[in-house]
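Working through the structure, step by step
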Amino acid sequence: EAGVVQSPRYKIIEKKQPVAFWCNPISGHNTLYWYRQNLGQGPELLIRYENEEAVDDSQLPKDRFSAERLKGVDSTLKIQPAELGDSAVYLCASSLELLMNTEAFFGQGTRLTVV
Amino acid sequence: GENVEQHPSTLSVQEGDSAVIKCTYSDSASNYFPWYKQELGKGPQLIIDIRSNVGEKKDQRIAVTLNKTAKHFSLHITETQPEDSAVYFCAARNPPLFNKFYFGSGTKLNVKP
């Protein structure tokens, strides 16, 4: 079974440019997360979806970040315009939320460098 | 909200020795505690987890203990091998807070051959 797939793996852009990341979760997983991981730190949640509904986006900087999960499967995360401080690894994870305590599986991440 | 603290930030051991990483959490409502291993250039990979109704869980060379009263949990790796070298993250899941995962800051484990 394929794991969580993210693309691209790496992205280098100039500040003020837009950028988008794509995530394909594990088949059948109804919950999808986007995390940001700064160098030397643990992942921090940006947004969580249950099916197509964003149930927690309290940490998403809504002035420049947006996300969508059409049809409750794939998801995209967009930054427009990017700032130097957005340089980080963006991780997507998914889980099957039939029970309260289920593990989340992570993709390999997209490393964003804003120059 | 929940606050997860992890120690040490770096750990260096000799191959064959044991390694212990400790985490504390602040919210007693947290009830699920996974541990992730992250190798360079890869996403975190779940290696073991424990639920709040269990005090200890073991899987071959890896074990996790949970003390709910003290609100701390630990990862134990025995007979360490060079391939155990990676960054390890603990996390706590908090149902009242949107069922969110809160991660520790990570421990870089170096196993010297």
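Our structure is the block above this text.
These notes cover the structure that comes with them. Residue numbering note: each chain is counted from 1, following its sequence as written. By the order in which they are written, chains take letters starting at A while ligands take numbers starting at 1. Per-residue local features of the predicted model are confined to residues with pLDDT of at least 70, and side-chain atom pairs are confined, for both listing and counting, to 80 or more; whole-chain, interface and lining totals are unaffected and use all residues. Here the side-chain values reflect all heavy atoms present in the structure, with hydrogen atoms and water set aside.

**Brief notes about the layout of surface pockets**
To locate leftover empty space, one rolls a probe as large as a water molecule over the atoms. The line we're drawing: Only protein atoms enter the 1 Å grid used here. Points where a 1.4 Å probe fits but cannot escape make up a cavity, open sets with protein on both sides within 12 Å along at least five of seven lines make up a pocket, and a residue lines them when an atom lies within 4 Å of a point. Grid points are joined across faces, edges and corners, and a volume is the space filled by probe spheres set on the points. Only DSSP runs of H or I reaching four residues or more are called helices, and only runs of E reaching two or more are called strands; each is numbered from the N terminus. Charged means Asp, Glu, Lys or Arg here, nonpolar means Ala, Val, Leu, Ile, Met, Phe, Trp, Tyr, Cys or Pro, and polar covers whatever is left, Gly included.
Computed from the structure, the largest pocket encloses a volume of approximately 710 Å³. Forming the walls of the largest pocket are 32 residues, and the residues nearest its centre are A:L39, A:R111, B:Q38, B:L40 and B:V87. Looking at the lining of the largest pocket element by element, the count peaks at four residues for strand β11 (residues 107-112) of chain B. Broken down by class, the residue content of the lining of the largest pocket amounts to eleven nonpolar, 16 polar and five charged.

**Examining the packing of aromatic side chains**
Put simply, the rule is: Pairing of aromatic side chains requires ring centres within 6.5 Å, counting the rings of Phe and Tyr and the six-membered ring of Trp. Pairs whose planes differ by under 30 degrees are stacked, by over 60 edge-to-face, and all others tilted. Only protein chains enter the accessibility calculation, which uses a 1.4 Å probe. A residue is then buried if its area is under 20% of the maximum for its type, exposed if over 50%, and partly exposed in between.
Counted by the stated rule, this structure contains 15 aromatic pairs over all chains. Relative to B:F103, the ring of A:F106 has its centre 6.0 Å away and its plane inclined at 75 degrees; by these criteria the two rings are edge-to-face. A residue pair is termed interchain when its members come from two chains, as with A:F106 in strand β10 (residues 105-106) and B:F103 in strand β10 (residues 100-103). Exposure remark for A:F106: the relative accessible area of 11% places this residue in the buried category. The interplanar angle of 40 degrees and the centroid separation of 4.7 Å between the aromatic rings of B:Y25 and B:F33 together place this pair among those described as tilted.

**Here's the deal with the pairing of strand β7 (residues 62-67) of chain B**
Residue and element names in this part refer to chain B. To keep things clear, this is the line we draw: Two strands pair under a simple rule: DSSP has to find at least two bridges between them.
One ladder, built from four bridges, connects strand β6 (residues 56-59) with β7; its direction is antiparallel. Across the sheet, D59 pairs through a bridge with I62, a residue of β7. What sits between β6 and β7 in their antiparallel hairpin is a turn of two residues, with Q60 showing a positive phi close to 55 degrees. Of the strand pairs in this sheet, β7 and strand β8 (residues 72-77) are connected by six bridges, and their pairing is antiparallel.

**Some thoughts on the interface of chain B and chain A**
Using the following cut-off: Note on contacts: a residue pair is in contact if any heavy atoms of the two residues lie within 4.5 Å. A quick way to say it: buried area is the sum, across both parts, of accessible area lost when two parts are put together, with a 1.4 Å probe. What counts as a salt bridge is simple: a side-chain nitrogen of Lys or Arg found within 4 Å of a carboxyl oxygen of Asp or Glu. Any pair of N or O atoms that falls within 3.5 Å is considered a polar contact. Within protein, one atom must be able to donate a hydrogen and the other to accept it, and sequence-neighbouring residues count only if both atoms are side-chain atoms.
Each partner contributes to the interface: chain B provides 21 residues, whereas chain A provides 24 residues. A buried area of about 1800 Å², summed over both sides, lies between chain B and chain A, and 48% of it is on carbon and sulfur atoms. The partner of A:D56 in a salt bridge is B:K100, and the shortest N-O contact between them spans 3.3 Å. In this structure, the connection of chain B to chain A is made through five residue pairs in polar contact (both at pLDDT 80 or more). For the side of chain B that touches chain A, the secondary structure elements donating two or more residues are β4 (32-38), β5 (45-51), β9 (86-94) and β10 of chain B.

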